[in-house]
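Commentary on secondary and tertiary structure
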Amino acid sequence: MEIRETFKNIGLKITPQRRAIYEVLCELKHCSIDDVISRIRDSHPDVTISTVYRIMDSFYESGLITKFINPQGKTIFDITSRDHYHIHTANGYLDIDDKQLSELIRRRISSKIPEGEELDKISIQITTKPITE
Ligand SMILES: [Zn+2]
């Protein structure tokens, strides 16, 4: 999707700072706020850390990005906002799309959700480790 359309869909105006951060997110796919800050400071030294935080918050609030906590307890931002799962490998995160798994979980879990609440998001994280012989 074209960047103008993406921003129009979420109701945010394109500013040079937002565009720069969005492009970093598209490039990195999964990243911490520190990753974004170090990339942005290289290309846009005028952008302050608080601006990066503010823009990342607005991207998250608008649903443009999602976030999850990795096995090390660090918040990772994700440019992919649709339902998907992660396999954490030694080299990063693999996105797994599995609609059947999502439907299975929704079916199996629906009777266990407290009254007055509904299932919002499913987050599954799978970790791997190097094979040692
Ligand atoms: Zn992802």
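Residues numbered from 1 in each chain as written. Predicted model: local features only at pLDDT ≥ 70, side-chain atom pairs only at ≥ 80, totals over all residues.

What the chain contains, in helices and strands, is five helices and six strands. When the helices and strands of the chain are read in sequence order from the N terminus, they spell out α-α-β-α-α-β-β-β-β-α-β. Counting only C-alpha atoms and orienting by the principal axes, one finds that the chain spans roughly 50 × 50 × 25 Å. The proportion of buried residues among the 133 residues of the chain is 13%. (Helix = DSSP H or I, 4+ residues; strand = E, 2+ residues; numbered from the N terminus. Buried ≥ 20, exposed ≤ 12 C-beta atoms within 10 Å, placed from the backbone.)

In terms of domain boundaries, the chain breaks down into domain 1 (3-78) and domain 2 (85-127). The centre of domain 1, based on its C-alpha atoms, is set 24 Å off from the matching centre of domain 2. Classifying every residue of the side of domain 1 that touches domain 2 gives two nonpolar, two polar and no charged. (Domains from an automatic or database assignment. Nonpolar A, V, L, I, M, F, W, Y, C, P; charged D, E, K, R; others polar.)

In this structure, strand S2 (residues 66-69) lies alongside strand S3 (residues 75-78), joined through four bridges in antiparallel fashion. Among the inter-strand pairings, Thr66 is bridged to a residue of S3, identified as Asp78. Hairpin geometry of S2 and S3 is characterised by an intervening segment of five residues between the two adjacent antiparallel strands and by a positive phi of about 85° at Gly73. (Pairing = 2+ DSSP bridges.)

The pairing of strand S1 (residues 30-31) with S3 spans two bridges and is antiparallel. When the bridges of S3 are listed, Cys31 appears paired with Phe77.

Now for the nonpolar core. Ranked by size, the top nonpolar core spans 14 residues in total, and within it Ile21, Leu25, Val36, Ile40, Val52 and Met56 carry the most contacts. Breaking this core down by element, the ones donating at least two residues are helix H2 (16-28), helix H3 (33-43), helix H4 (49-61) and S3. When neighbours within four sequence positions are excluded, Leu25 is seen to be in contact with Cys31, Ile65, Phe77 and Ile79. (Core = buried A, V, L, I, M, F, W, Y, C linked by C-beta atoms within 7 Å. Contact = placed C-beta atoms within 7 Å.)

All right, on to unusual backbone geometry then. Trans is the common state for peptide bonds, and a negative phi is the common state for residues other than glycine. Here the phi dihedral of Lys29 falls at roughly 65°; this positive angle occurs in a residue that is not glycine. With respect to the helices, strands and loops of the structure, Lys29 is situated in the loop between H2 and S1.

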